[in-house]
Every structure is written in C-alpha cells, then in structure tokens.
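Remarks on the overall topology
Residues per chain are reported as follows:
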Amino acid sequence: MTDLSIAEAKSIVADAIEMAGGQHALARNLRINQSDISQAVNNGRTDARNRVLNALGYAVIETIRPMKGQNR
C-alpha cells in the first residue's frame, strides 16, 4: 500500500466531483454533506477532507515523524 500526499488526496476528491457531475451529485452519491466536499476542496479543512476520503473508501491515517536533527 502506498501513502498519498495531501495534494494527491485533493486530486482524488476533485476527480470524484468531476466524475459524479458536481459537488451536489457526489454528496448525494456518498450520502455526506455537500459542505464537507466544498471545504475539502476549497480550504483543505482536515476534518472535512477526511470525511470525504473515508466516504470514497480511503483510510486516513495521521502520522507524526521527528524533524531532521530533532529526534533524540
């Protein structure tokens, strides 16, 4: 399994919107709020983006990594 970047996640959401015929259509298909889709695309709100990606079948897993030179 390959991890995806935030940019790729936004691209996945944008592609799903296009394939569904718009944000309202995608929201209906996924049974989620259209406002979550709008927020995920327009301002990158993490919680909204995660809900949309989960509805599209992606598991969102947050990781924490030490910065270079900061780990002990």
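As a starting point, this report considers the structure included with it. (Residues numbered from 1 in each chain as written. Predicted model: local features only at pLDDT ≥ 70, side-chain atom pairs only at ≥ 80, totals over all residues. Heavy atoms only, no water.)

Next up on the list: the nonpolar core. Counting residues in each nonpolar core, the largest one holds 11 residues, listed as Ala-9, Ile-12, Val-13, Ala-16, Ile-17, Leu-26, Ala-27, Ile-37, Ala-40, Val-52 and Leu-53. Of all the secondary-structure elements, those providing two or more residues to this core are helix 1 (6–20), helix 2 (23–30), helix 3 (34–42) and helix 4 (46–55). Top contributing element to this core by residue count: helix 1, with 5 residues. When sequence neighbours within four positions are dropped, the list of residues in contact with Ile-37 reads Ile-17, Gln-23, Leu-26, Ala-27, Ile-32 and Val-52. (Core = buried A, V, L, I, M, F, W, Y, C linked by side-chain atoms within 4.5 Å. Buried < 20%, exposed > 50% of the residue type's maximum accessible area, 1.4 Å probe, protein only. Helix = DSSP H or I, 4+ residues; strand = E, 2+ residues; numbered from the N terminus. Contact = heavy atoms within 4.5 Å.)

Here we take up the packing of helix 1 against helix 4. At their nearest, the axes of helix 1 and helix 4 sit 10 Å apart, and the two run at 60° to each other. The angle between the axes of helix 1 and helix 4 places the two elements in the oblique class. Handedness of the crossing formed by helix 1 with helix 4: left-handed. Only Arg-49, Val-52 and Leu-53 of helix 4 make contact with helix 1, whose side of the interface consists of Ile-6, Ala-9, Ile-12 and Val-13. (Axes fitted to C-alpha atoms, helices over the stretch in contact; angles between N-to-C directions. Parallel < 35°, antiparallel > 145°, perpendicular 65-115°, else oblique. Left-handed = near helix turned anticlockwise from the far one by under 90°.)

A few words now on the packing of helix 3 against helix 4. At a minimum axis distance of 8 Å, the contact between helix 3 and helix 4 shows a crossing angle of 115°. The angle between the axes of helix 3 and helix 4 places the two elements in the roughly perpendicular class. Relative to helix 4, helix 3 is oriented so that their crossing is left-handed. Touching Asp-36, Ile-37, Gln-39 and Ala-40 of helix 3 are Ala-48, Arg-49, Arg-51 and Val-52, all from helix 4.

Quick look at the pattern of salt bridges now. Oppositely charged side chains may form a pair once their charged atoms are brought near each other. Scanning the model with the defined rule gives 2 salt bridges in all. A salt bridge links Arg-51 to Asp-36, with the nearest nitrogen and oxygen atoms 2.9 Å apart. In this pair, Arg-51 sits in helix 4 while Asp-36 sits in helix 3, placing the two residues 15 residues apart along the sequence. Taking relative accessible area as the criterion, Asp-36 reaches 8% and is therefore assigned buried. Between Asp-47 and Arg-51 there is a salt bridge whose closest N-O contact spans 3.8 Å. (Salt bridge = Lys/Arg side-chain N within 4 Å of Asp/Glu carboxyl O.)

Keep in mind these values describe shape, not function.
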